[in-house]
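# Observations on the model geometry
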Amino acid sequence: MIHFAQQGLNSAAALAALIPLHPPTASNVAGQVDQVFYFLTFITVFFSVLIFGCIFYFMIKYRRRSEDDLPEQIHGSLPLEVIWTVIPSIICAVIFVWSSYLYVRNARPPKNATDIYVIGKQWMWHIQHPEGPREIDALHIPVNQSIKLTMTSQDVIHAFYIPAFRVKKSVLPGSYNEIWFTPDKVGKFHLYCTEYCGAGHSKMIGWVYVMSQRDYTAWLDGQMKDQSMAQEGARLFAQLGCSTCHGANGTGQGPSLAGMYGKPETLKDGSTRIVDESLIRQAIITPNSVLLPKYPPIMPTFQGQVNELQVLQLMAYIKSLGTEERTSKQ
Amino acid sequence: MSTVVAELPQAPSESRPNYLTANYGLKSWLLTTDHKRIALLYLVSITFMFAVGGIAAVMMRIQLIQPQGAIVEPETYNKLFSIHGIVMVFFFLVPSIPATLGNFLIPMMIGARDVAFPKLNLLSWYLYITGSLVLLWAILSGGVDTGWTFYPPYSSTYSHTHVVAAGMAIFIAGFSSILTGLNFIVTIHKMRAPGMTWFRMPLFLWSMYATSIIFILGTPVVAITLFLMVLERLFHVGIFDPAVGGDPLLFQHLFWFYSHPAVYIMILPGMGVVSELITAFSKKRVFGYTAIAYSSMAIALLSFLVWGHHMFVTGQSVYTSLIFSVLSFAVAIPSAIKVFNWTATLYKGSISYEAPMLYALGFIGLFTMGGLTGLFLASLSTDVHLNGTYFIVAHFHYIMVGGAVMAFMGGIHYWWPKMTGRLYPDLWARLAAMIIFIGFNLTFFPQFVMGYLGMPRRYAVYPPEFQTLNVMSSAGASILGVGYVIPLIYLIWSFFYGPAAGPNPFGATGLEWKTPSPPPTENFEEIPVVTEEAYNYPGKKAVVGV
């Protein structure tokens, strides 16, 4: 008997080992999201047990014993209706405030976050570090350092998801989406595409390697074979002829781009926009949609002539001009 | 159970023709304008489509037994889940209860001889059939692989499958929904029997009325959205694909503007059915009639204001997400009110457990779980983690299968004697109901865990650590499959050989039970005059409340 019980326990333990019940927790927000999750789970279990319990109790207690068994005809009860409207409303309000607080607080990346760029394409993740290293379906990052990913897609909609960090965002063609996180555990974690993107969707997966700062530096040094994104961008800037008009001294037909990044700029249509990644991308792909006053609309579109990676490299170059003195026609 | 036996001796009214025997021949069915015959035409057609979608589901669950995929290539798997979703949502769940039970019962419950526009009603069925045939052609000639959501630019530019045909199939079938909704609204407004005031109507009618509003307001939007997608695919008109100047998120806004209310198209009729079943089998007036009636209308209206909760991770503005989150929590409240009222209806009832009641009780429990897990997805920070994973799949199957399909099965079993004039073996029916309940939970509960662990949906192959949970889910699906086949067998048997049912085998109230089974073509010999509220079951004393 004891033997059987022992065996039963063993197989139960074996089963529990086969079925994980908790995903790894490896970022600053993961634990906080889990707290909301567990509270919601508690609410779900509580009300499910309440409803199932009432149903079973009533099923037995009020089962029909004979055909002349006449029930008491109750129309309803206003106090009860109020109670079971108000209590769920309060619970929902609590969850909403708590969960939204986390969401809003984590919406903006911190200023000191390290930039990394992600390009989704059927069916791989292309990761580009500003220092130059490129990776496919792998992301190497240092622990305890905030990372900001700027993501775009070269074809269809993808979604970038790291369960251990509890972060996810759509990766859209034609625009940039950002996510950020601070990994707090060294290890290897799943990376998935969670927006269906065609035949290879379920193979568009990879690994996130969270490394100690020292290992990360070593890894970065070992990778240093390419030029940095800004250097690549500078080469493209000359090669595509951008420098003809956007000369550093401001003598070309277009504005000098030095020092422009991150500053507000008033457009020809009167609107004011910050010169950010989205605006630079727009200026390269559809220049006539972001015209500056005082400059003629003569810039050709580069749609189809530069790929998403090259746009990002040009952007890195333009960003790197930020420190230089700005001289322009104005 | 005992009720059925007790009322068996009633003589079947073979003397006068009923709607089934009024005339014979294929033509008399294909050109009928009788709402009851149209309901049966729909019942046969949607059952066939349910089988198509079900076969796709079976193949998916077999595939997922092994992490590397057991039977098909990823391309084929993608077609399977697309077919499953498109067929089950647009060609089974949306028309299921409205087009069968709604068509059959709305005129009977309000004491009318037919719907307001009988010919339009038949046209609805032909539109549905045309859409179905176009879709079946698309499936047989190679399939479609966009998922039921058709997100561009994948659907409009990149997919090499029959996207245009599948999109147009839904476009055509959409008009069937619009016409049905129009018909029901006019019927309920204009054709109620004398004395049938709004607040004497059975709650099923309130839910059908709410559903019809969504049909009319929502369906045109999805039809046009899919049409725009088709335009972009065929003529490269830049609407959604940024490569030709479009906005891919515009599609998602338009699509979910319909497709979230569509969830309520699927569940509201089920709620109506359950209100009928709970009262009939506890011989009791429904608890909080007005609360349930108004909550149906509240759900119908709020359902149009929550679509953005499908897009919390698309990069929409934080403020937009906050508003959609709070509205999504708000839509949970009327659903909670209904659940509490149904449960309270059982209190001090005289409860019996024929098969329809088992389905109704199963509905309440599973819908409660489905609804509560919806809160995880209305809540912003948890949705970021769970969106796009199996948690979503589990959640909406609890609503659509645990809710809508359970209610459909319960409704079919409850009104089957009325529709066919015959009884089915209740023991088998109760056994099937329990097999379905167990199989359902084994199939979909593990998917909640999978989703929390991070397994993405729509994966043809998956990391091996999810295998145990997937095997459990597939095992459950095989039980669920058996549960669905059993009723198909005994109901077909019952249609031809079942014992006569008599007009009211369950001793229920409602005008539909006051006419012979099956009813004559004109439903009632004389239009009834209604003098009492719905669910006026005999009782000890009436405590006045709401």
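Described below are features of the structure shown in this document. (Residues numbered from 1 in each chain as written. Chains lettered and ligands numbered in written order. Predicted model: local features only at pLDDT ≥ 70, side-chain atom pairs only at ≥ 80, totals over all residues. Heavy atoms only, no water.)

## As for the overall build of chain A
For clarity, the cut-off: Counting from the N terminus, the helices are the DSSP runs of H or I reaching at least four residues and the strands are the DSSP runs of E reaching at least two. Summary of the burial criterion: residues with accessible area below 20% of their type's maximum are buried, those above 50% are exposed, and those between are partly exposed, where the area comes from a 1.4 Å probe applied to protein chains only. Where accessible areas are quoted, they stem from the Shrake-Rupley method and a 1.4 Å probe; at the residue level, only the protein chains shown are allowed to cover.
A count of helices and strands for chain A gives 8 helices and 13 strands. Along the first, second and third principal axes, the C-alpha set of chain A runs to 100 × 60 × 35 Å. Expressed as a percentage of its 330 residues, the buried residues of chain A come to 48%. When the accessible area of chain A is evaluated, it comes to approximately 15,800 Å², of which 62% is carbon and sulfur surface.

## Looking at helix α11 (residues 318-346) of chain B
Stated precisely, the cut-off is as follows: How far a helix is expected to stretch is found by multiplying one less than its residue total by 1.5 Å.
Taking 1.5 Å per residue as the helical rise, α11 of chain B with its 29 residues ought to reach 42 Å, and the 44 Å between its terminal C-alpha atoms agrees with that figure. Trailing α11 of chain B by a residue or two, Lys 348 of chain B shows a phi angle of about 60 degrees, which is positive.

## Regarding the sheet that holds strand β8 (residues 167-171) of chain A
Residues and elements named next belong to chain A. Rules: By the convention used here, strands pair only if DSSP detects at least 2 bridges between them. To define axes, lines are fitted to C-alpha atoms, for helices over the stretch in contact only, and angles between the resulting N-to-C directions are given on a 0 to 180 degree scale. Contacts are residue-level and defined by heavy atoms, with any inter-residue pair within 4.5 Å sufficient.
The strand order across the open sheet built from 5 strands is β5-β11-β10-β7-β8, with neighbouring strands paired in mixed fashion. The open sheet has two edge strands, β5 (138-142) and β8, and neither has a second partner. On average, each strand axis in the sheet is inclined to that of its neighbour by 20 degrees, with strand direction left out of account. In terms of strand pairing, β5 meets strand β11 (residues 206-211) through 5 bridges, oriented parallel. In the sheet register, Ala 138 faces β11, and the bridge partner there is Trp 207. Contacting β5 and β11, helix α4 (residues 213-223) runs over the sheet at an angle of about 130 degrees to β5.

## Some remarks on the packing of aromatic side chains
How two aromatic rings sit relative to each other is set out by the distance from centre to centre and by the angle between their planes. Inclusion rule: What counts as a ring pair is set by centres within 6.5 Å for rings of Phe, Tyr and Trp (its six-membered ring), and what kind of pair is set by the plane angle: stacked under 30 degrees, edge-to-face over 60, tilted for all other angles.
Under the counting rule described, the total for this entry stands at 71 aromatic pairs over all chains. Seen from their ring centres, Trp 198 of chain B and Trp 206 of chain B are 5.7 Å apart, and the 55 degrees between their planes marks the pair as tilted. With centroids separated by 4.7 Å and ring planes inclined at 65 degrees, the aromatic side chains of Tyr 414 of chain B and Trp 415 of chain B adopt a geometry described as edge-to-face. For the pair formed by Tyr 414 of chain B and Trp 415 of chain B, the shared burial category is buried. A network of ring pairs unites the aromatic residues Phe 37 and Tyr 38 of chain A together with Phe 376, Phe 391, Tyr 398, Phe 440, Phe 444, Phe 445, Phe 448 and Tyr 452 of chain B as a single cluster.

## Re the interface of chain B and chain A
Stated formally: Summed over both partners, the accessible surface that disappears when two parts come together, traced with a 1.4 Å probe, is what is meant by buried area. Salt bridges are defined as contacts in which a side-chain nitrogen from Lys or Arg sits within 4 Å of a carboxyl oxygen from Asp or Glu. We define a polar contact as two N or O atoms separated by no more than 3.5 Å, with the added condition that, inside protein, one atom must be a possible hydrogen donor and the other a possible acceptor, whereas residues neighbouring each other in sequence contribute only through side-chain atom pairs. Polarity classes work like this: nonpolar for Ala, Val, Leu, Ile, Met, Phe, Trp, Tyr, Cys and Pro, charged for Asp, Glu, Lys and Arg, and polar for all others, with Gly in that last group.
Counting residues at the interface gives 105 residues for chain B, matched by 85 residues for chain A. Summed over both partners, the interface of chain B with chain A buries about 8,300 Å², with 68% contributed by carbon and sulfur atoms. Contact with chain A buries surface across chain B, with Phe 340, Tyr 452 and Tyr 459 of chain B losing the most and accounting together for 9% of the total. Counting every contact that joins chain B to chain A gives 1 salt bridge. Salt-bridge contacts for Lys 348 of chain B lead to Glu 72 of chain A; the nearest nitrogen and oxygen are separated by 3.8 Å. Seen at the junction of chain B and chain A, the total is 32 residue pairs in polar contact (both at pLDDT 80 or more). If one sorts the elements of the side of chain B that touches chain A by residue count, α11 of chain B sits on top with 14 residues. Its residues placed into classes, the side of chain B that touches chain A shows 60 nonpolar, 32 polar and 13 charged.

## Focus: the pattern of salt bridges
All names here are of chain A. For the structure shown, the criterion picks out 11 salt bridges over all chains. Between Glu 178 and Lys 148 there is a salt bridge, with its nearest N and O atoms 3.5 Å apart. Linking Glu 178 in strand β9 (residues 177-181) with Lys 148 in strand β6 (residues 147-153), this pair joins segments that are 30 residues apart in sequence. For the salt bridge of Arg 281 with Glu 308, the shortest nitrogen-to-oxygen distance reads 2.5 Å. Highlighted residues: Arg 281 in helix α7 (residues 277-285) and Glu 308 in helix α8 (residues 308-320), separated in sequence by 27 residues. Take Arg 281: its relative accessible area is 10%, and that puts it in the buried class. Linked through salt bridges whose partners overlap, the residues forming this network are Asp 115, Lys 148, Glu 178, Glu 277 and Lys 319.

## Observations concerning the side chain of Ser 28 of chain B
Residues and elements named next belong to chain B. Within the secondary structure layout, Ser 28 lies in helix α2 (residues 26-30). With a relative accessible area of 15%, Ser 28 lands in the buried category. A polar contact of 2.8 Å, which involves the side chain of Ser 28, links it to the backbone oxygen of Gly 25. Among the polar contacts made by the side chain of Ser 28, one reaches the side chain of Arg 37 at a distance of 3.0 Å.

## So, the side chain of Ser 275 of chain B
Among the structural elements, Ser 275 of chain B can be located in helix α9 (residues 248-282). Overall, the relative accessible area of 1% leaves Ser 275 of chain B in the buried class.

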